[in-house]
Amino acid sequence: MLEQLLGAHLTLLIGQGVPRPATLAVMEHFVSAEIASSDRERSGFELVFEAVRAGAIAGLFPIMAEPGLKAGARVVITATLGIRPHVLMDGIIEQAEFKPSEGEGPAKLHVRGKDLTFVMDRNEIEAQHPAQGPGEIAALILLKYASYGVVPVVIPPITAERPNPIDRVPMQRATDYAYLTELAEAHDAIFTLIPGPVPLTSTAYWGPLPRIGIPQSAITTDMGPETNATGLSFENAESEAASVEGQVQDRQSGQTVPVQSTAPLRPPLASQPAIANQATARRNLFRTNGAPTAAQALGEAQAQSDATQDTVTVTGDLDTGVYGSILTPRGLVGLRGAGLDHDGLYYVQSVIQKISPGAWVQSFTLNREGVGTTVPVVLP
């Protein structure tokens, strides 16, 4: 069912099993939708509907009986700007909250859920992954979710090793989601589900932060009629950037070898990275949970250092009608109008879509590793 929103359309598929377009009776009582998408955190959603009593039967709220709005139902939320549809969420309802009327306005039904990581986080298992590196393990686990339309995209870390099964066998004692996330964090990678590109499909991305590609439409501030962002805030926690060093006993040779991180492996977005400021940069000791080889320890140390690099955080809001596009996380965006220190390219960490009839606000969080732009100009 389509809901008119500022020249855009919102499509809602709901249902147990295979979801279907929400009925007119459901969409007539639609109040708002909020979709939170992130690169590292699990994405989630909240849908709000008016709960109106049935005229014939006192005490009956028909929307409460809708199977597609009960726990366990699958929800697909798609927004269309112009002729291009964009899947904002493909997930499962976890809970519902009923709020009775308090005199003004009808009662409300709030349904909340998570993306399809919900089905990956239900069952803890014990499994062995002999002679497999982290990328191979991730690809094998994700194949189990093909029936949900999940397509794996796995980029193995360049510093990872495939352990000899005589020496060590990777063990999983967790849900698939928890184990995939644990593997990613150990290599400064991310595991995230990207809904789409068409309804009932999702891309399961396991790999490094996607800090490359064509930037999205620019976020603009303090540029008169071209301004499309409000409430911008720039925070630079420069002292959080850290190098990592220490030593480890190589499991294969038995010798103690030094371990030290080098220059960040991520594509640079700032001309003055915080890690280069020797007056504030930290030095952290290398920590490992196992007994790695020297090569594996070097990769872990680099991952621990890289995870501290993004010290500049930008938050703000976009009016979608003015911005004219849908900002998505897990990619780049240009920012202009904030001065030489803060203009340039940023990585989009998270976006919260707040949609209601006649209004659509996108709240965003961006980050990068320091101040100063690396590009001569930011295009609109």
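Residues numbered from 1 in each chain as written. Predicted model: local features only at pLDDT ≥ 70, side-chain atom pairs only at ≥ 80, totals over all residues. Heavy atoms only, no water.

### What to know about the packing of aromatic side chains
Any aromatic ring pair is given by two values, namely how distant the centres are and how the planes are angled relative to each other.
Consideration 1: Scanning the entire structure with this criterion turns up three aromatic pairs.
Consideration 2: For the ring pair Phe 30 and Phe 49, a centre distance of 6.1 Å and an interplane angle of 70° mean the geometry is edge-to-face. Taken as a pair, Phe 30 in strand S4 (residues 30-38) and Phe 49 in strand S5 (residues 44-51) lie far apart in primary sequence, 19 residues in all.
Consideration 3: For Phe 30, a relative accessible area of 7% translates into the label buried.
Consideration 4: Of the residues examined, Phe 49 reaches a relative accessible area of 0% and is grouped as buried.
Consideration 5: Above the plane of the ring of Tyr 177 lies Arg 42, whose end atom (NZ or CZ) is 5.1 Å from the centre.
Consideration 6: Between Arg 368 and the ring centre of Tyr 346, over which it is positioned, the NZ or CZ distance is 4.1 Å. (Phe/Tyr/Trp six-rings, centres within 6.5 Å; stacked < 30°, edge-to-face > 60°. Helix = DSSP H or I, 4+ residues; strand = E, 2+ residues; numbered from the N terminus. Buried < 20%, exposed > 50% of the residue type's maximum accessible area, 1.4 Å probe, protein only. Lys NZ or Arg CZ within 6 Å of the ring centre and 35° of its normal.)

### Details of unusual backbone geometry
Leaving glycine aside, a negative phi is the common case for residues, and trans is the common case for peptide bonds.
Consideration 1: Cis rather than trans, the peptide bond between Gly 196 and Pro 197 has omega equal to 15°.
Consideration 2: Relative to the assigned elements, Pro 197 resides in the loop between strand S12 (189-195) and strand S13 (202-208).
Consideration 3: Phi angles above zero are rare outside glycine, and Asp 188 is one such case at about 50°.
Consideration 4: Summarising the element assignment, Asp 188 is placed in the loop between helix H4 (176-185) and S12.
Consideration 5: In this structure Asp 188 comes out as buried when scored by relative accessible area, which is 9%.
Consideration 6: Its identity as a non-glycine residue notwithstanding, Asp 222 has a phi of 55°, on the positive side.
Consideration 7: Counting through the fold element by element, Asp 222 comes out in the loop between strand S14 (216-220) and strand S15 (229-236).

### Some thoughts on the pairing of strand S16 (residues 242-249)
Consideration 1: Of the strand pairs in this sheet, S16 and strand S19 (residues 282-285) are connected by four bridges, and their pairing is parallel. The partner of Ser 243 across the bridge, within S19, is Arg 283.
Consideration 2: Here S16 pairs with strand S17 (residues 256-260) via five bridges, running antiparallel. From the neighbouring strand, Gln 247 faces S17, where its bridge partner is Pro 258.
Consideration 3: Here S16 folds back onto S17 in antiparallel fashion, the turn holding six residues, of which Gly 254 has a positive phi close to 80°. (Pairing = 2+ DSSP bridges.)

### Overview of the sheet that holds strand S10 (residues 150-154)
Consideration 1: Read from one edge of the open sheet, three strands run S10-S13-S12, paired in mixed fashion. Only two strands of the sheet have a single neighbouring strand rather than two, namely S10 and S12. Sheet twist, expressed as the mean angle between neighbouring strand axes with direction ignored, is 15°.
Consideration 2: As paired elements, S12 and S13 share seven bridges and run antiparallel to each other. Each bridged residue has a counterpart across the sheet, and for Ala 189 the counterpart in S13 is Pro 208.
Consideration 3: Helix H3 (residues 134-142) contacts S10, S12 and S13 of the sheet and is inclined by roughly 175° relative to S10.
Consideration 4: Its contacts with the sheet put H4 on S12 and S13, and the angle it makes with S12 is roughly 130°. (Axes fitted to C-alpha atoms, helices over the stretch in contact; angles between N-to-C directions. Contact = heavy atoms within 4.5 Å.)

### So, H3
Consideration 1: By the burial criterion, the buried members of H3 are Pro 134, Gly 135, Ile 137, Ala 138, Ile 141 and Leu 142. Down the axis of H3, the sector holding all buried residues measures 160°, keeping them to one side.
Consideration 2: Buried residues in H3 make contact with helix H2 (117-120), S10, strand S11 (171-174), H4, S12 and S13. (Arc of directions from axis to C-beta.)

### Comments concerning the nonpolar core
Consideration 1: Membership of the largest hydrophobic core comes to 30 residues, with the highest contact counts inside it found for Leu 12, Leu 47, Phe 49 and Ile 77.
Consideration 2: Mapped onto this core, the elements with two or more residues apiece are strand S2 (8-15), helix H1 (24-27), S4, S5, strand S6 (74-81), strand S7 (84-99) and strand S8 (107-115).
Consideration 3: Setting aside chain neighbours within four positions, we find Ile 77 in contact with Leu 10, Thr 11, Leu 12, Ile 35, Phe 45, Leu 47, His 86, Val 87, Leu 88 and Met 89.
Consideration 4: Residues Leu 116, Phe 118, Leu 183 and Ala 189 belong to the second largest nonpolar core, which totals 21 residues. (Core = buried A, V, L, I, M, F, W, Y, C linked by side-chain atoms within 4.5 Å.)

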